[in-house]
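Structure at a glance
The lines below spell out each chain.
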Amino acid sequence: MKLIILGAPGSGKGTMATVLRDSYGITHISTGDIFRANIKEQTPLGKEAKKYIDAGALVPDEITISMVEDRLSQDDCKNGYLLDGFPRTIAQAEKLDEMLSKTNSKIDAVIKVDVPAEVILGRVVNRRVCTSCGESYNVVSRPTKVEGVCDVCGKEVIQRDDDKPETVKQRLITYEENTKPLIDFYEKKGIVISADNSKDPKTAFEQASQALEKKGFRKVN
Ligand code: AMP
């Protein structure tokens, strides 16, 4: 099963992606995570991507597409995957179709995580993440037991540079401009599944899994 998860920054798509990965036993590919790992390692790709990420802008298509193409060619993608954060532009979506058509394959469903904009801003500026395992917290609704320390692995929990209010506003504008047209792109193919994540992630996941079940995809866990 090949899935895409789409949603504005702070829509909860990362959390939803983790649940989908575990429930359906598919590889989770987050382009944001790959960029952040490269930034941490100070690779040439990371240094280049950081300039755009810190400004709340998108990393150029040619850099992002070749990185994803490389990732999808790896063994753990053979039995399906969940793309999180990619595609983010129509050019990336078209390129993805082109890559998949080479193996007579296609995306089975696009899960669209819906949350009103006013809820999003509050969520993102309160978000904190573990620098080591990536676990996500919220200073209001899900704080760490010890401030700044990850409950899961004990490493440092921080606010992502691009989660600061000014950058978040820019990221929401970037999302509106570039990523929303993707919803129309996939609506035309008839493969969009809506999941309402304005209340709790459980409800959103149930909506998505019921729609996937109708398409013949069953949970493995
Ligand atoms: P995310 O963790 O998905 O919110 O991604 C963090 C940042 O990485 C984004 O704000 C972009 O700057 C960059 N990024 C992630 N995925 C892509 C993509 N598909 N195309 C361009 N830039 C991306």
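Higher on the page you've got the structure.
So, how was this worked out
- Here the residue numbers are simple positions, counted from 1 along each chain's written sequence.
- It should be noted that, the model being predicted, local features are given only for residues of pLDDT at least 70 and side-chain atom pairs only at 80 or more, the latter also being counted only at that level, while totals for whole chains, interfaces and linings use all residues.
- With hydrogens and water excluded, all non-hydrogen atoms of the structure serve as input to the side-chain values.
- To qualify as a helix, a DSSP run of H or I must reach at least 4 residues; to qualify as a strand, a run of E must reach at least 2; elements of each kind are numbered from the N terminus.
- In this scheme, a helix's expected span is set at 1.5 Å multiplied by one less than its residue total.
- The buried label goes to any residue with under 20% of its type's maximum accessible area, the exposed label to any with over 50%, and the partly exposed label to all in between, with areas taken from a 1.4 Å probe on protein chains only.
- Each axis is a line fitted through C-alpha atoms, and for a helix only the stretch in contact is used; angles between axes span 0 to 180 degrees, taken between their N-to-C directions.
- Throughout, a residue-residue contact means that at least one pair of heavy atoms, one from each residue, lies within 4.5 Å.
- All residues other than Ala, Val, Leu, Ile, Met, Phe, Trp, Tyr, Cys, Pro, Asp, Glu, Lys and Arg, Gly among them, are scored as polar; the first ten of these are nonpolar and the last four charged.
- With respect to orientation, any angle under 35 degrees is reported as roughly parallel, any angle over 145 as roughly antiparallel, any angle of 65 to 115 as roughly perpendicular, and every other angle as oblique.
- What makes a crossing left-handed is the near helix being turned counterclockwise from the far one by less than a right angle; a clockwise turn instead makes it right-handed.
- Think of it this way: one heavy atom of a residue within 4 Å of a molecule or strand is enough to make that residue near it.
- Identification of polar contacts relies on pairs of N or O atoms within 3.5 Å, with a donor-acceptor requirement for protein atoms, meaning one able to donate a hydrogen and the other able to accept it, and with residues adjacent in sequence counted only if both atoms are side-chain atoms.
- Areas reported here follow the Shrake-Rupley algorithm with a probe of radius 1.4 Å; residue values treat only the protein chains shown as occluding.
- For two strands to pair, DSSP has to find at least two bridges joining them.
- Whenever a carboxyl oxygen of Asp or Glu lies within 4 Å of a side-chain nitrogen of Lys or Arg, that contact is scored as a salt bridge.

1. Some thoughts on helix H4 (residues 61-72)
Given a rise of 1.5 Å per residue, twelve residues ought to cover 16 Å, and the 16 Å separating the end C-alpha atoms of H4 matches this to within 8%. Listed in full, the buried residues belonging to H4 are Ile63, Thr64, Ile65, Met67, Val68, Arg71 and Leu72.

2. Concerning the packing of helix H5 (residues 90-101) against helix H7 (residues 165-189)
In the contact formed by H5 and H7, the axes pass within 9 Å of each other and the chain directions differ by 35 degrees. Counting all contacts with H5, which are made through Ile90, Ala93, Glu94, Leu96 and Asp97, the residues of H7 involved are Pro181, Leu182, Phe185, Tyr186 and Lys189. Tallied by class, residues from the contact of H5 with H7 come to seven nonpolar, no polar and three charged.

3. What about the packing of helix H6 (residues 117-125) against H7?
Interhelical geometry of H6 versus H7 gives an angle of 140 degrees and a closest axis separation of 10 Å. With respect to H7, the axis of H6 lies oblique. Of the two elements, H6 crosses H7, and the hand of that crossing is right-handed. Listed contacts from H7 to Ile120, Leu121, Val124 and Val125 of H6 are Pro165, Val168, Lys169, Arg171 and Leu172. Residues of the contact of H6 with H7, tallied by class, amount to seven nonpolar, no polar and two charged.

4. Observations concerning the site of the ligand
Looking at the ligand, there are 17 residues lining it, with Thr31, Ala57, Gly85, Arg88 and Gln92 nearest. Between Val59 and the ligand, the recorded distance is 3.0 Å, taken from a backbone N or O atom to a nitrogen atom. The contact in question runs from a nitrogen atom of the ligand to an N or O atom on the side chain of Gln92, over 2.9 Å. Surface burial for the ligand is 96%, taken as the share of its 480 Å² of free accessible area covered by protein chains.

5. Looking at the sheet that holds strand S8 (residues 192-196)
The strand order S2-S3-S1-S4-S8 describes an open sheet built from five strands, whose pairing is parallel. Of all the strands in the sheet, just strand S2 (27-30) and S8 have a single pairing partner and so form its edges. Pairwise comparison of adjacent strand axes, ignoring direction, gives a mean angle of 20 degrees for this sheet. Summarising the sheet, S2 and strand S3 (residues 81-84) pair through four bridges and their orientation is parallel. Bridge pairing links Ile29 to Leu83 in S3. Against the sheet, helix H2 (residues 31-40) contacts S2 and S3, and its axis sits at roughly 65 degrees relative to S2. Contacting strand S1 (2-6), strand S4 (109-114) and S8, helix H8 (residues 201-214) crosses the sheet at an angle of about 155 degrees to S8.

6. Describing the pattern of salt bridges
Summed over all chains, the structure comprises 21 salt bridges. Of the charged contacts, one joins Arg127 and Asp163 as a salt bridge, the two residues approaching to 2.9 Å between their closest N and O atoms. Separated by 36 residues along the polypeptide, Arg127 in strand S5 (residues 127-130) and Asp163 in the loop between strand S7 (157-158) and H7 bring together distant segments of the chain. Accessibility classification places Arg127 together with Asp163 in one group, the buried group.

7. Describing the sheet that holds strand S6 (residues 136-138)
Taken in spatial order, the three strands of this open sheet run S6-S5-S7, and their pairing is antiparallel. The sheet is open, and its two edges are formed by S6 and S7, each paired on a single side. Bridge analysis of S5 against S7 gives two bridges, and the strand direction is antiparallel. Its bridge partner lying in S7, Val129 is registered against Ile158.

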